[in-house]
Structure formats: C-alpha cells, structure tokens
Amino acid sequence: MPQNILFLAQVDESGTALPKIAYEVLGAAIDLATQSGSTLTIGLVGEDVQSAANTVAAAAARIVGVRGPDFAHPRYATDSAALEAICREVSAQIVLAPATSRFLRVMPGVAHRLKAQVDTHVSSIDAVDGALTAKRWFYRQRLEAVIQRDARPWLLAMDAGCHNAYAGASTAANVQLLNLPLSAEAKRTTFASVRVPNRDAQTIRPDAKLLFVAGAGWCKKQADGKTHLPEAEAAILQFLKNSGASLGGSKSLVDQTGENQAVLGFMTHLNQVGQTGSTPRHPKGLSTCCHGEEPHVVGWRFVNERRAVNLDPNCGWARGKADVVYVADAFQVVAKLNALLAEKASRK
Ligand SMILES: Cc1cc2nc3c(=O)[nH]c(=O)nc-3n(C[C@H](O)[C@H](O)[C@H](O)COP(=O)(O)OP(=O)(O)OC[C@H]3O[C@@H](n4cnc5c(N)ncnc54)[C@H](O)[C@@H]3O)c2cc1C
C-alpha cells in the first residue's frame, strides 16, 4: 500500500554532505518507496542544508529543510523541534532516519510529540505482500524480530552497514525551507567544543576494512616463562598504524585493565567485542591470542571473513568459528605482518 515516506538526515561536520550512514538509509528509503509505490520526501537539518541537499537532489522530488546556526550542533530542544516540524509539514506516515547518536537521542521524543510509534536499531525495511516489514536483532544478534505496525506515523532509526549507500550524481536542489521560531528556552543549552582523542589514540574505526582483535593471550606468560607486554603493545600499535584496522578486545583482556593488572595501555572496555560488548561490522576480522569462546564470537556476527591466530589447535576458532585458523605464535605472525606492511609502504 503506498505511503508517504520521509527520509530524515542531519548535515555532517563538513557542512556540505550527509554522514555515510545517512546515504545508506537513503538507499533503503528509495528501495522501499519503489517496492511500495510510495512518494519519498527528504528532510534535512543543519546550519546550511543546500550543499548536502545537492548530493541527494536526484533521489526525491521534494526536499524540506530546517537550517540556521541553531541547528549546527546536536541539541535536544532544537533537533526535536526541527524533526517534528518536518514530519508535520510532509504529513509523513513512514519516517526513516539514520541511527546516529544525534538522531537516536531525539527520535523517541519526536515520536511522542507526533503520537507516533518508533523502532530503533532497524536492520532492514521492505514491503512484503503489501505490508511494510522492518527487522531488527535482539539478544546480541541471536534473535531476529520481524516487525509490522498499523500505527502511523511510524518512525524507524536504521543502523549503519545494513544497506548499500545511495550514490547518485549531485545536482542543484530546490529546498523548501521551513521557518522555525525558537524560544529562548529552546536555546538554553549552548555548544562549547568537540573534544576527540588524537588520531593514534583513536583505535575504534567503524569504517575500517579489518577488525583486529587482541585476546588475553597477549598478556600471558609465553614459552620462555615470561610476559612480553611492551613487545605486545608495540606490535599491536604498529599493526594498527600500518593497516588502518580497528581494534577489538576480548572481555578477559579489557577486564584486566579495570583490575589494574599489567595490560595493554590503549585497550578499554569500549574495544570489547561480544555478548556484553559490541557487534561491529567489518568485511574482515583477524583474532589474535583470543580463544574464540561463544560469548565473544557472537560479537563477530557481522564480520564476513574471519581468521584467527592461536597456539592452541583446539581453540574455539578451530572448531568451526573461523574460516581460517593459523596455529602459530601471534607475536611472530604480527611481527612478520608489520615487516610486510612496512615493505609495502616503502614501495609506494
Ligand atoms: C555472561 C558472559 C558474557 C560474556 N561476554 C563476553 C564478551 O562480550 N566478549 C568476550 O570476549 N568475552 C565474553 N565473555 C567471556 C568469554 O566467555 C571468555 O572468557 C573470554 O572471551 C576469553 O578471552 P580470551 O580468549 O582473550 O582469553 P583466554 O580464554 O585466556 O584465551 C587466551 C588465548 O590466547 C592464546 N595464546 C596465548 N599466547 C599466544 C600466542 N603467543 N600466540 C597465539 N595465541 C596465544 C591461548 O592459546 C588462548 O587460547 C562472557 C562471559 C560470560 C559468562
């Protein structure tokens, strides 16, 4: 059944484009509109929306925007007012938005104001036999829910990495700008600054091709009866720098940090992959010195090609959880990889 579909997005920090996840969700919105014979409208929020609108102008006949310095940075009061105004202007029945931290904070509030219903962490939405059907995962990707709702509007925040990104050519967009008067109260919270870790300290890289996971083995006594923490730290950091990989850790390893044991200084709980950690999406994964137990491996649900290095030929990875297992010393393997990557870099 045709619906009035609205795709919502924020302008990214560059001020001229949308975040990568937004182009992915736009790809899903276009497919849904085509499948269901629906109209698609685009709604944008940012300090200036024109340049970003140009990048998606070919995707929809109508683009509605809320712009101004008050919408440059995330703020609950102004973001929720902007999204609500766009949804009302368009009389949207289905609202698809990227699950950015900025939007996830306001979507439930916007749904409440619109007397709508909202689902988050959606991984797909399709028109199946005339009914709109969304899917999301529960219990760390072990259970998949299939959701249909009669309620309209229905707001859906979609996760990253679930759909091919829209990549149409840029063209001049005709943006219908909404005038949104804001009370002084709505502007009470002010933006101060963005603080980010320096590049070397930033080990979590969601867009990396490779996820490199370190397990507790890196901190264990090795064949000579001693631990080799400085060597482990240097080898892993060198590998991350050379390869651009994202760093994951097993629970055993990151817990040691909290227990003040001698550990890898750059490893935090944010790196933990698994049932009580994260479920990152990367094309490839390489596990080192990690046993491959089920609560850890469930976090590899969306890693397409999995390889592991372990001294133990009987480790969990070798029991069908990885595509390739190298029964080898990870210290030696990573040292060799670093040498090969350095040689490759020197040839450029
Ligand atoms: C409710 C619950 C939730 C949990 N959630 C998570 C979770 O989210 N994420 C998670 O990771 N775990 C989780 N766990 C813990 C999980 O079950 C394992 O205990 C943990 O993953 C083990 O970590 P590890 O493999 O790094 O350490 P270990 O089991 O100690 O394995 C270390 C490995 O290193 C290898 N090794 C040592 N030296 C070398 C070397 N030089 N070269 C190659 N290999 C070497 C050893 O052979 C060994 O296999 C959870 C457990 C429970 C009960």
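Attention here is on the structure that accompanies the text. These figures come from a predicted structure and were not determined experimentally.

**Comments concerning the site of the ligand**
- Contacts to the ligand come from 28 residues, most closely from Ala216, Lys220, Gln222, Ser250 and His291.
- Interatomic distance of 2.7 Å between a backbone N/O atom of Lys251 and an oxygen atom of the ligand.
- Glu293 places a side-chain nitrogen or oxygen 3.0 Å from an oxygen atom of the ligand.
- The protein chains hide 78% of the 990 Å² of surface that the ligand would expose on its own.
- Elements with a contribution of two residues or more to the shell around the ligand: helix H6 (251-258), helix H7 (294-297), strand E13 (303-310) and helix H8 (330-347).
- Its residues placed into classes, the shell around the ligand shows 10 nonpolar, 13 polar and five charged.

**A word on the sheet that holds strand E1 (residues 4-10)**
- Read from one edge of the open sheet, nine strands run E7-E6-E5-E8-E4-E1-E2-E3-E9, paired in mixed fashion. Among the strands making up the open sheet, the edge pair consists of strand E7 (143-147) and strand E9 (175-177). In this sheet, adjacent strand axes meet at a mean angle of 35 degrees when their direction is disregarded.
- One ladder, built from three bridges, connects E1 with strand E4 (residues 94-98); its direction is parallel. Note that in E4 the partner of Leu6 across the bridge is Val95.

**Quick word on the sheet that holds strand E10 (residues 210-214)**
- Strand order across the open sheet formed by five strands is E11-E10-E12-E13-E14, with parallel pairing between neighbours. Each edge of the sheet is formed by a strand with only one pairing partner; in this case those strands are strand E11 (246-249) and strand E14 (324-327). With strand direction ignored, the average angle separating the axes of adjacent strands in the sheet is 20 degrees.
- The pairing of E10 with strand E12 (residues 282-288) spans five bridges and is classified as parallel. Among the inter-strand pairings, Ala214 is bridged to a residue of E12, identified as Thr288.
- Most of the contacts of helix H5 (residues 229-243) go to E10, to which it runs at about 175 degrees, and overall it touches E10 and E11.
- Docked against the sheet, H8 engages E10, E12 and E13, running at close to 135 degrees with respect to E12.

Conventions we followed
- Residues numbered from 1 in each chain as written.
- Predicted model: local features only at pLDDT ≥ 70, side-chain atom pairs only at ≥ 80, totals over all residues.
- Heavy atoms only, no water.
- Near = heavy atom within 4 Å.
- Polar contact = N/O pair within 3.5 Å; in protein donor to acceptor, adjacent residues only side chain to side chain.
- Areas by Shrake-Rupley, 256 points an atom, 1.4 Å probe, with all protein chains shown as cover.
- Helix = DSSP H or I, 4+ residues; strand = E, 2+ residues; numbered from the N terminus.
- Nonpolar A, V, L, I, M, F, W, Y, C, P; charged D, E, K, R; others polar.
- Pairing = 2+ DSSP bridges.
- Axes fitted to C-alpha atoms, helices over the stretch in contact; angles between N-to-C directions.
- Contact = heavy atoms within 4.5 Å.

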